[in-house]
Every structure is written in structure tokens, then in C-alpha cells.
Amino acid sequence: MTVSNETRVTHFILQGLPGNEDLQIIFFVMFFVMYVLTMAGNLLIVITIYVDSQLHYPMYFFLSNLSFIDLSFSNVTVPKYLLNFILQCKKIDFTNCLTQMFFIHFIGGAECFHLTLMAYDRYVAICNPLRYTTIMNKRVCFLLVIATWTGGLLHAFAQAFPTFELSFCGPNEVNHFFCDTHPLSVLACSNTFISETSDMVNSGTLALSCLLLVFLSYAYIISTILKINSAEGRWKAFSTCASHLMVVTLFYGPCIFIYMRPSVTFAADKVVSVFYTIVTPVLNPFIYALRTEKVKKSMKRLLGRNMSFLGIETK
Ligand SMILES: *[C@@H]1O[C@H](CO)[C@@H](O)[C@H](O)[C@H]1NC(C)=O
């Protein structure tokens, strides 16, 4: 490119969420509360599972990994948003902006694969209980976890590189609350056909195929559950499946909506992306881990021990 340095964009302005000042304060408080809950909930799960050797089984390792992913994911977008609001400054450096975009796709991709992995894990546990320990042995688990991160990384490279190649010389106002491929590519002054097409194929196909695999696993699970004799057992299993499917849909649905189209940006995009960047990480611990009796018990023990250490009475 023959764009001179003077006209190159050195930073971007993150325009944030729509609405007047009052609404901005409500958003800020909401994001802040969700951020604190995300950190506290997920950290507690990681620590509980790490400390309690009774929980050193594949299912719990996967839960702990999911919490770790959620913690990291939330840290890519929310602190910058909160800080910019507090400082009343909407600036983000060029490099930081691209880095943020890369990590959203890296960790988001890992989350996408990991949720699929967890659905598969439940499928094997419920539909193939006798062979579960042989299929999900330590080595396989470890490899599967490595695979989710590698998958996320490859996805991020494929998604972010075409955007890294773009030139930005004109307007620098990003119509979003974090840097992402679509809001950036509408600002580019070079041709965005390749980056747009690859984004659409990459993210769209990824989210859609993961969602289909999750649905398939749960279809098998539900058909197995229907054969359970006790009505109570059936109901419990059903409600667990339903809650998993709900959060999974809250994650993949918005991803499909946002990425599976060219870079026309809709006003709804910002609000829709709140779901996969902020709502999913805060809901996951409640839906996955805190519905699991063993994790809940172990967590209570852990908290109780530390409370009495601090001289606070617990029953
Ligand atoms: C993630 O899963 C792997 C393999 O099961 C496990 O060894 C590791 O401790 C887990 N990591 C976290 C942070 O939970």
C-alpha cells in the first residue's frame, strides 16, 4: 500500500453501546456486576475442582476448563469497556484493538469447541456408561482439551489475519464496545472482500457446526433419558439438558447471527454480542457447575473451612 504514515490510523474510538447518559450508567453497573460475578463464580469453580481430589474426573476437569475459558473471555472485553467508561475516554490503540480482536476469536473459538466437547462427554457418559472410563481416559481428556485450545488458535489466525492485512486511513470510530472483525472492516480503506468472505465462512460455519453437534449429542441423550423408568429421574435429567441447551443456544445463536453474513452492521449487533461475550461467561458456572451436587458440596466445604480459618462461624 502507498498510504503515507500521516493518514494511517494510530488509534480507534470505541463508541460503546447505544443510548443516552442514563442508559450508559445502567449498562456500566450491569456490566460491572456481571464481571464481578463471572470472576468470583468461575474462580471458585476452578479452585474447588483443583483442591478437591474427589473431583479429579473428566467431567469436572471439563467444567473447570470451561470456567477458565469464561474467566479469560470476559477479561478480553469487559475491563477495557469499564475502564473507558470510568475514564470517560473512548480511545483504544491500534495494536490493542487488533490484539483484542484476535483474543476474542481465540478464546471464543476455544469456548465454542469446549462446549461441544462437554456435550460429547455427557453423551458418552449417558448413552455409553459402561465404556465411559475407557473412552474418556486421562490421556484422551488431556488431548481433547489441547485440541479445543488449538482449534481456537487456528480459528483466531484464520479470522484475524485477513483483518490485520487491511489498511485504515479514514474514520476511526468503531461502532461497537470492543474491536471485532465486522465493525473494523467497515472502516477499512482497502478492499475487504477477502476478509469478509473468510470471516463469514470461518466463524459462521464454526458456530453452526458446533451447535449442530451439540444438538445431535443432546438428541441421543434425550432419547436415552426417555427410557428411564422413574418420572423423577426423567424430570431431573430433562431439566439439566434443557438448561445446558439454553446456555449453549445463547452462545452459538448470537455468533451465528453476527458472523454468518457480510459486514453490514445492524444496530442490534452490539446488544446481541453482549450475550456471547458477557452473559454466557456469567451463566455457565450457575448452569453447569452449581447444578452438580458434588461440586456444590465440595464448594461449601471449601468455603466453610476458610470461613472458620478467618474466625467466621459457619454451621
Ligand atoms: C483442563 O483439563 C485437563 C485435562 O483433563 C486438566 O488436566 C487440567 O487440569 C484442566 N485445567 C483447568 C484449568 O481446569
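Residues numbered from 1 in each chain as written. Predicted model: local features only at pLDDT ≥ 70, side-chain atom pairs only at ≥ 80, totals over all residues. Heavy atoms only, no water.

Within an unreviewed UniProt entry, the label attached to the chain reads Olfactory receptor, and the organism entered is Microcaecilia unicolor. One UniProt comment on the chain, placed under Subcellular location (unreviewed entry), says "Cell membrane". The Sequence similarities (unreviewed entry) field of the UniProt record for the chain holds the comment "Belongs to the G-protein coupled receptor 1 family." (UniProt positions renumbered as here; feature names shortened; annotations may be inferred.)

Draft legend 1. Just the overall build of the chain, in detail. Along the backbone of the chain there are 10 helices and 3 strands. Walking the chain from its N terminus toward its C terminus, one meets helices and strands in the order β-α-α-β-α-α-α-β-α-α-α-α-α. Here the chain has a C-alpha radius of gyration of 21 Å; the compact-globule value for 315 residues is 20 Å, and the two agree. Each of the three principal axes of the chain carries a C-alpha extent, and together these read 70 × 50 × 35 Å. The buried share of the chain, reckoned over its 315 residues, is 48%. Considering only intrachain contacts with a sequence separation of at least 6, the fraction spanning at least 24 residues in the chain is 79%. Mean positive and mean negative side-chain charge positions of the chain (21 and 17 charges, respectively) differ by 15 Å. (Helix = DSSP H or I, 4+ residues; strand = E, 2+ residues; numbered from the N terminus. Rg over C-alpha atoms; globule rule 2.2 N^0.38 Å. Buried < 20%, exposed > 50% of the residue type's maximum accessible area, 1.4 Å probe, protein only. Contact = heavy atoms within 4.5 Å. Lys, Arg positive; Asp, Glu negative; His and termini not counted. Charge placed at Lys NZ, Arg CZ, Asp CG, Glu CD.)

Draft legend 2. A look at the site of the ligand. All residues adjacent to the ligand are Phe61, Ser64, Asn65, Cys141, Phe142 and Val145. Here Ser64 contributes a side-chain N or O atom positioned 2.3 Å from an oxygen atom of the ligand. Against a free-state accessible area of 370 Å², the protein chains account for coverage of 69% of the ligand. For the shell around the ligand, the secondary-structure elements that each account for two or more residues are α2 (58-87) and α5 (138-164). Looking at the shell around the ligand, its residues break down into 4 nonpolar, 2 polar and no charged. (Near = heavy atom within 4 Å. Polar contact = N/O pair within 3.5 Å; in protein donor to acceptor, adjacent residues only side chain to side chain. Areas by Shrake-Rupley, 256 points an atom, 1.4 Å probe, with all protein chains shown as cover. Nonpolar A, V, L, I, M, F, W, Y, C, P; charged D, E, K, R; others polar.)

Draft legend 3. Structural detail: the state of the cysteines. For the structure on display, the rule yields 2 disulfides. One disulfide bridge connects Cys97 with Cys179, the sulfur atoms lying 2.0 Å from each other. Taking the torsion about the sulfur-sulfur bond, which here is approximately -110°, the covalent link between Cys97 and Cys179 counts as left-handed. Residue Cys97 is located in helix α3 (residues 94-127), and its partner Cys179 is located in the loop between β3 (173-174) and α6 (181-185); the two are separated by 82 residues in the primary sequence. Of the two residues, Cys97 and Cys179, neither departs from the other in class, the shared state being buried. (Disulfide = S-S within 2.5 Å.)

Draft legend 4. Seen up close, the nonpolar core. Formed by 84 residues in total, the largest nonpolar core has its most connected members in Phe12, Leu184, Tyr252 and Tyr288. Broken down by element, this core gets its largest block of residues, 14 residues, from α3. (Core = buried A, V, L, I, M, F, W, Y, C linked by side-chain atoms within 4.5 Å.)

Draft legend 5. Structural view of a nonpolar patch on the surface. Taken together, Ile25, Val29, Phe32, Val33, Val36, Leu37 and Phe286 make up a surface patch of nonpolar side chains, about 580 Å² in accessible area. Sorting elements by how many residues they give to the nonpolar patch places helix α1 (residues 21-51) first, with 6 residues. (Patch = residues over 30% accessible without salt bridge, like charges linked within 9 Å, V, L, I, M, F, W, Y side chains within 5 Å. Salt bridge = Lys/Arg side-chain N within 4 Å of Asp/Glu carboxyl O.)

Draft legend 6. Looking closely at the UniProt feature "transmembrane region" (unreviewed entry) in the chain. According to UniProt, the feature "transmembrane region" (unreviewed entry) maps to residues 25-47, 59-78, 98-120, 140-158, 206-226, 238-259 and 271-290 in the numbering used here. Helix and strand shares over residues 206-226 are 95% and 0% respectively, and the end C-alpha atoms of the span are 30 Å apart.

Draft legend 7. How the structure looks around the sheet that holds β3. In space, the 3 strands of this open sheet follow the order β2-β1-β3, with mixed pairing throughout. Single-partner strands in this sheet number two, and they are β2 (91-93) and β3. For strand β1 (residues 11-14) and β3, the ladder comprises 2 bridges, and the chain directions are parallel. If you follow Ile13 over to β3, its bridge partner there is Glu173. (Pairing = 2+ DSSP bridges.)

Draft legend 8. Up close: the packing of aromatic side chains. Here the structure, examined in full by the defined rule, presents 22 aromatic pairs. Ring plane angle 75° and centroid distance 5.4 Å describe the contact between Phe251 and Tyr252, whose orientation is recorded as edge-to-face. By relative accessible area, which is 1% here, Phe251 ends up buried. Between the aromatic rings of Phe251 and Tyr276, the centroid separation amounts to 6.4 Å while the plane-to-plane angle is 85°, which identifies the pairing as edge-to-face. Separated by 25 residues along the polypeptide, Phe251 in helix α8 (residues 231-259) and Tyr276 in helix α9 (residues 268-289) bring together distant segments of the chain. Of the aromatic side chains, those joined through ring pairs into one cluster are Phe68, Phe102, Phe103, Phe106, Trp149, Phe157, Phe161 and Phe164. (Phe/Tyr/Trp six-rings, centres within 6.5 Å; stacked < 30°, edge-to-face > 60°.)

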